[in-house]
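Chain and residue survey
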Amino acid sequence: MDTATVERFEASRPRLASLAYRLLGSAADAEDAVQDAFLRWQAADRTRIEVPEAWLTKVVTNLALDRLRSAAVRRERTVGAWLPEPLLDGDPMLGPADTAVQRESVSLAVLTVMERLSPVERAVYVLREAFSYSHAEIAEILDITESASQQHAHRARRRVTSRRMPTATDPASARRIVEAFVDAASSGRTERLVALLTADATGVSDGVMGLAEKLIRYGTPRRLAAALRAGFTPSAAKRKIAGGSPSIHAAVVNDSPAMLFVLDGRVLGVTVLEVHDGKIAGVYGIAAPHRLARLTEQWQRRDHDTALIESW
């Protein structure tokens, strides 16, 4: 390919990557889908492609749908060994954030809810709500009728909005929320944590330091608070697993308050807080190393605020 053709693709790469991330919930899988699209762009007869942006969007969307339908992914997600891959605020893969819906579409809460949608419903929801494609354009991308696109969008929107959406946050408010959470979790008093949670708060974790891949779910506020208090209590065994005493930092991850456990510049774990009206409605604990690689890369490139806890 000539330089101009490569540059045309590269100009579209950030948008394509953010589309694929919303569809797949995985930055690594999104990068693979975009790279596969580049190979198809390279092999295509580009003289027959009238609108490159539309062609590339269709290719990436359908590559993502193929992966969502694959037997391997179905098996992985059926047994529950899956949480969305967290991304640090400012990561270009988070994509457009001009509207509340665009920001919500990358929250861990919404990405998790979208797992319950069919692949086509998920694609229609993302294309319509996050990227503002018309139903006519979506019908062309997915090879369905415009009426079918409207029906899929209605069903998807109803399921996604059946739960309260998380409150968007900024770094300053995120730090205040995380400080209160860490203070309560470190106090040793379950009641202090329960007071920060909504009456229907729940939590989910992928295990301790990535050693367990089966999801652990906490279904009531008191059970969640007890698990959080125990989890935030340091011990020699936990430090041995971590390889030392990590620092704890406040951050914004997927447009939500979060705390990062960092040791020697590497993010060992992330706890993301889903906030509704000032209270915590959901807690997502992610420690599997393969889900934290990109976040660690982004973390290492930036300056950071003072740690909430210098040595845990």
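Residues numbered from 1 in each chain as written. Predicted model: local features only at pLDDT ≥ 70, side-chain atom pairs only at ≥ 80, totals over all residues. Heavy atoms only, no water.

1. Some thoughts on the packing of helix α1 (residues 3-24) against helix α2 (residues 27-43)
- In contact at an axis separation of 8 Å, α1 and α2 are set at 145 degrees when each is read in the N-to-C sense. Like other packed secondary-structure pairs, α1 and α2 cross with a definite hand, here right-handed. Contact residues: α1 offers T5, R8, F9, R13, L16, A17, A20, Y21 and L24, while α2 offers A27, D29, A30, A33, V34, Q35, A37, F38 and W41.
- Of the residues assigned to the contact of α1 with α2, the class counts are 13 nonpolar, 2 polar and 3 charged. (Axes fitted to C-alpha atoms, helices over the stretch in contact; angles between N-to-C directions. Helix = DSSP H or I, 4+ residues; strand = E, 2+ residues; numbered from the N terminus. Left-handed = near helix turned anticlockwise from the far one by under 90°. Contact = heavy atoms within 4.5 Å. Nonpolar A, V, L, I, M, F, W, Y, C, P; charged D, E, K, R; others polar.)

2. Let's talk about the environment of A199
- Mapped onto the elements, A199 comes out in strand β1 (residues 197-205).
- Note: C-alpha distance between A199 and P221 (22 residues apart in sequence) is 6.5 Å.

3. Digging into the nonpolar core
- The biggest cluster of nonpolar side chains holds 65 residues, and the ones touching the most others in it are F9, Y21, M114, L142, V253, L260 and V270.
- With 8 residues, the single largest contributor to this core is α1.
- Counting only domains with at least three residues in this core, you end up with domain 1 (1-77) and domain 2 (171-301).
- V178, F181, A201 and L273 belong to the second largest nonpolar core, which has 21 residues in total. (Core = buried A, V, L, I, M, F, W, Y, C linked by side-chain atoms within 4.5 Å. Buried < 20%, exposed > 50% of the residue type's maximum accessible area, 1.4 Å probe, protein only. Domains from an automatic or database assignment.)

Purely geometric numbers; function is a separate question.
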